[in-house]
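Examining the three-dimensional arrangement
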Amino acid sequence: MSSDLVKIPSGGQKITKSPDGKLNVPDNPIIAFIEGDGTGPDIWNGSVKVFDAAVEKAYGGKKKIHWMEVLAGEKSWKQHNRSEDGWLPQETLNAINEYLVTIKGPMSTPTNGEIQSINRELRQRLDLYACLRPVRHYKGIPSPVTNPQDIDMVIFRENSEGIYSGIEFKNGSSDADKLKDFLKELGVLSKVQFPDSASFDIKPISKEGTLRLVRGAIQYAIDNDRDSVTLVHKGNMMKVTEGSFRTWAYEMAKIEFGARELDGSPWCTMKSPKSGKTITIKDVIANSFLQHILTRPAEYDVIATMNLNGDYISDTLAAEVGAIGIIPEAYINYVTGIAIFGVIHGTTPKYADRNKVNPSSLILSGEMMFRHLGWVEAADRIVKGLEGVLSTKTVTYDLARLMNEAHEVSTSTFADEIISSM
């Protein structure tokens, strides 16, 4: 596969997936990376030092990552003479598919053409149906809420269905007119208040899509010794979509995980096959949940929800813990084993090549990646290092603006300080 786009490093081995769904991770895995656009190179250069140091300190040379760059975004587009296909080459998709685990920096979004978003294209073409966003507070970062230390949640946001599937009909278009004719035949067009000027979205929620997402959330709770999984939905109003999401999830928890209903409640409990502890499966209406994460966040742990709910929830929680710049995310298909870890913030081109921006989101994406690989000791080193630096208020400019008496440092110095605090 080595080419101008993908150069396979020598000495590394592929990560593979067993028939039982488990990853087989060698001591010298090849992991693909996309450097990212704008501030991406600065962020990547700082982060990769932290990743390599965490592995070295955790395993004393017995394990090592062999990094393999794959191209996407503006850097790839320029090397492809600015062709439409250059934003996300098929060879890059093939490499991500073959090597399973990838980490990426922030990506530029093309301003015209067929590709609307590189991240969206990656999710859809590789069927990365689960978007994971862990959100927790780090001591030293100012927060607008009273007890941010109570926030420690992992959001499983469905990534392939719902309104983000992109089935839209613009008002005045022939397709919108056809849809209105169909709704009239069904006798439901009267429910549309102003049909002549209305645009439409179709929101598909399937049983298969629901089950694979919630199955991943429950398994995550088992693997990471979590206390509960909460289904967040608007099933009180959207009974056949989000209501079905809730129903199917509870059914699956009972059939596949042996969950049992609590007396007088649809909530269920199950015994973790790993630790023996009790895990609660529960649900809450989305608008109530947005109140609860402000007033009693300690009651929630792993969250499973559809994409639009997950978008609101994860950004709200990011604000509660103080900054979106410290929130990582991953796109994962637990069936194929393909996983992409990365940042949720933009490229901020005005700060490109200034060694200035905060790399915490990508660094914590690496921490997620290590846990996904089973390299828990390396992940713990990263958390320890970041906690140590933040407690001293030695931070990059974006966090320094939020803190009193902060010591502002460059991206590379911030990374070095994390390594020293490991």
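Residues numbered from 1 in each chain as written. Predicted model: local features only at pLDDT ≥ 70, side-chain atom pairs only at ≥ 80, totals over all residues. Heavy atoms only, no water.

A short note on the overall build of the chain
To keep things clear, this is the line we draw: Strands are runs of DSSP state E lasting at least 2 residues, helices are runs of H or I lasting at least 4, and numbering of each runs from the N terminus. Only C-alpha atoms enter the radius of gyration, while the globule expectation follows 2.2 Å times N to the 0.38, with N the number of residues. Here the term buried applies to any residue with accessible area under 20% of the maximum for its type, exposed to any over 50%, and partly exposed to those in between, with areas from a 1.4 Å probe on protein chains only. For this analysis, residues touch if any pair of their heavy atoms sits within 4.5 Å. Residue exposure ignores everything except the shown protein chains as possible cover, and the areas themselves are Shrake-Rupley values with a 1.4 Å probe. None of His or the chain ends enter the tally, which takes Lys and Arg as positive and Asp and Glu as negative. Each charge is placed at NZ for Lys, CZ for Arg, CG for Asp and CD for Glu.
Each helix and strand in the chain was counted, giving 13 helices and 18 strands. Here the C-alpha atoms of the chain give a radius of gyration of 22 Å, agreeing with the 22 Å that 2.2 N^0.38 yields for 422 residues. In terms of principal-axis extent, the alpha carbons of the chain reach across some 65 × 55 × 50 Å. When the 422 residues of the chain are sorted by exposure, 53% land in the buried category. Considering only contacts within the chain whose residues lie at least 6 apart along the sequence, 71% involve residues at least 24 apart. Working note: accessible area of the chain is about 18900 Å², and carbon and sulfur atoms make up 48% of it. Computing the positive centroid from 48 side-chain charges and the negative centroid from 54, the chain places the two 3 Å apart.

Things to note about the pattern of salt bridges
Convention followed: A side-chain nitrogen of Lys or Arg and a carboxyl oxygen of Asp or Glu constitute a salt bridge if their distance falls within 4 Å.
All chains considered together, the criterion is met by 24 salt bridges. Put simply, aspartate 416 and lysine 49 hold a salt bridge, and the shortest N to O gap is 2.8 Å. Linking aspartate 416 in helix H13 (residues 411–421) with lysine 49 in helix H1 (residues 40–59), this pair joins segments that are 367 residues apart in sequence. Judged by relative accessible area, which is 31%, lysine 49 ranks as partly exposed. Between arginine 212 and aspartate 127 there is a salt bridge; the shortest N-O distance is 2.9 Å. Here arginine 212, found in helix H6 (residues 207–223), pairs with aspartate 127, found in the loop between helix H4 (118–125) and strand S6 (130–136); they are 85 residues apart in sequence, far enough to count as distant. For aspartate 127, a relative accessible area of 30% gives the class partly exposed. Ionic contacts of the salt-bridge type, sharing partners, join the residues Glu35, Glu69 and Lys75 into one network.

Notes on the nonpolar core
Basically, it comes down to this: In these notes, a set of buried Ala, Val, Leu, Ile, Met, Phe, Trp, Tyr and Cys residues joined through side-chain atoms within 4.5 Å is what counts as a nonpolar core.
Counting residues in hydrophobic clusters, the biggest one holds 125 residues, and the most contacted among them are Trp67, Ile218, Met369 and Phe370. Looking at this core element by element, the count peaks at nine residues for H1.

Side note on the pairing of strand S5 (residues 101–104)
Spelled out, the test is: Here, any two strands with at least 2 DSSP bridges between them count as paired.
Residues Val101 and Ile103 line one face of S5 and the alternating positions Thr102 and Lys104 line the opposite face, and both faces are buried. In terms of strand pairing, strand S3 (residues 30–34) meets S5 through three bridges, oriented parallel. If you follow isoleucine 34 over to S5, its bridge partner there is lysine 104. The pairing of S5 with strand S16 (residues 339–343) spans four bridges and is classified as parallel. Considered in S16, the bridge of threonine 102 is made with isoleucine 340.

Structural notes on the side chain of serine 165
Applicable threshold: Any pair of nitrogen or oxygen atoms within 3.5 Å is treated as a polar contact; in protein, a donor-acceptor pairing is required on top of that, and neighbouring residues in sequence qualify only through side-chain atoms on both sides.
Examined against the element boundaries, serine 165 turns out to sit in the loop between strand S7 (152–158) and strand S8 (168–169). Only 2.7 Å separates the side chain of serine 165 from the backbone oxygen of glycine 162, close enough to count as a polar contact. Ignoring anything within four residues of it in the chain, the contact list for serine 165 reads Arg120, Gln124, Ser160, Ile202 and Pro204.

Some remarks on the packing of aromatic side chains
Here is the rule: Any two rings among Phe, Tyr and Trp, with Trp reduced to its six-membered ring, count as a pair given centres within 6.5 Å; such a pair is stacked if its planes are under 30 degrees apart, edge-to-face if over 60, and tilted if neither. Criterion for a charge above a ring: Lys NZ or Arg CZ within 6 Å of the ring centre, and within 35 degrees of the ring normal.
A complete count under the given rule lists 13 aromatic pairs for this structure. Note on phenylalanine 156 and tyrosine 334: the rings are 6.4 Å apart at their centroids and 20 degrees apart in plane angle, and the pair reads as stacked. Residue phenylalanine 156 is found in strand S7, and its partner tyrosine 334 is found in the loop between strand S15 (328–332) and S16; the two are separated by 178 residues along the sequence. Relative accessible area serves as the criterion here: at 27%, tyrosine 334 is assigned to the partly exposed category. Geometrically, the ring pair formed by tyrosine 351 and tyrosine 397 is tilted, given 4.9 Å between the ring centres and 55 degrees between the ring planes. Of this pair, tyrosine 351 sits in the loop between S16 and helix H10 (360–373) while tyrosine 397 is found in helix H12 (residues 397–400), placing the two residues 46 residues apart along the sequence. Between the NZ or CZ atom of lysine 14 and the centre of the ring of tyrosine 99, over which it lies, the distance is 5.4 Å.

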